[in-house]
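# Close look at the chain arrangement
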Amino acid sequence: MSDAVVRHEVVVPVDADAAFAAFTQRIGDFKPPEHNLLGAPIAQTVLEPRVGGGIVDRATDGTECRWARILAFEPPDRLVFSWDISPRWQIETDPASTSEVEVRFVPESPARTRVVLEHRHLDRHGSGWDAVRDGVDGDEGWPLYLARYRALVEEET
């Protein structure tokens, strides 16, 4: 596996439909609120459920930050979105300089789904891309998101 790829997975005790729905409809319930590029606290994070939609943080002061674009939306199997955050932890406006995240929902049984998250093409971010890799791969990155996601799903089952 290339250094420009980060991969993490988690197993949740629900079928793939429920796992996909929880991830896409409840992202604001497990995304760490301190992961914020806005000047005010986040009031809501929304994933717009369609290709061409985005993942948007909305702050308490009404400002918004669209930090991802939905590239594939295929319930209940997979979701792909861009990572439009630069190595300086600012919005990247050039799509050629963004990475992408694929989340696959793999049924293991009628009531168990493996959620596989792959953040790839990190080197597209250019100089400093390894800081993005280290950030999303570290304890406060995708492992934290997936742990909170799993806890949310387990709490509801």
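Provided above is the structure to which this section pertains.
My aim in this report is to walk through the structure given alongside it, one point at a time.

### Considering helix α1 (residues 16-25)
Restricting attention to buried positions, one finds in α1 the residues A16, A19, F20, A22, F23 and T24. Where α1 begins, one side-chain oxygen reaches toward the backbone nitrogen of D17, 3.2 Å away; that side chain belongs to D15.

### Looking at the packing of aromatic side chains
If you walk through the whole model with that rule in mind, you get 11 aromatic pairs. Taking 5.2 Å as the distance between ring centres and 50 degrees as the angle between the ring planes, the aromatic pair formed by F23 and F30 counts as tilted. With 5.9 Å between their ring centres and 75 degrees between their planes, F23 and F105 make a pair best called edge-to-face. A residue pair is termed long-range when its members are at least 10 positions apart, and F23 in helix α1 and F105 in strand β6 (residues 99-109) qualify at 82 residues. Residues F23 and F105 agree in their burial class; the two are buried.

### Concerning the sheet that holds strand β4 (residues 64-74)
One open sheet holds the seven strands; their spatial order is β1-β7-β6-β5-β4-β3-β2, and the pairing between them is antiparallel. Where the open sheet ends on each side, the last strands, each with one partner, are β1 (6-12) and β2 (42-47). Averaged over all adjacent pairs, the angle separating strand axes in this sheet is 20 degrees, with direction ignored. As paired strands, β2 and strand β3 (residues 54-59) are joined by five bridges and run antiparallel to one another. Bridge pairing in β3 links I42 to A59. The sheet strands contacting helix α4 (residues 142-156) are β1, β5 (78-83), β6 and β7 (112-120), and the helix crosses β1 at an angle near 10 degrees.

Criteria and cut-off values
Residues numbered from 1 in each chain as written. Predicted model: local features only at pLDDT ≥ 70, side-chain atom pairs only at ≥ 80, totals over all residues. Heavy atoms only, no water. Buried < 20%, exposed > 50% of the residue type's maximum accessible area, 1.4 Å probe, protein only. Helix = DSSP H or I, 4+ residues; strand = E, 2+ residues; numbered from the N terminus. Polar contact = N/O pair within 3.5 Å; in protein donor to acceptor, adjacent residues only side chain to side chain. Phe/Tyr/Trp six-rings, centres within 6.5 Å; stacked < 30°, edge-to-face > 60°. Pairing = 2+ DSSP bridges. Axes fitted to C-alpha atoms, helices over the stretch in contact; angles between N-to-C directions. Contact = heavy atoms within 4.5 Å.

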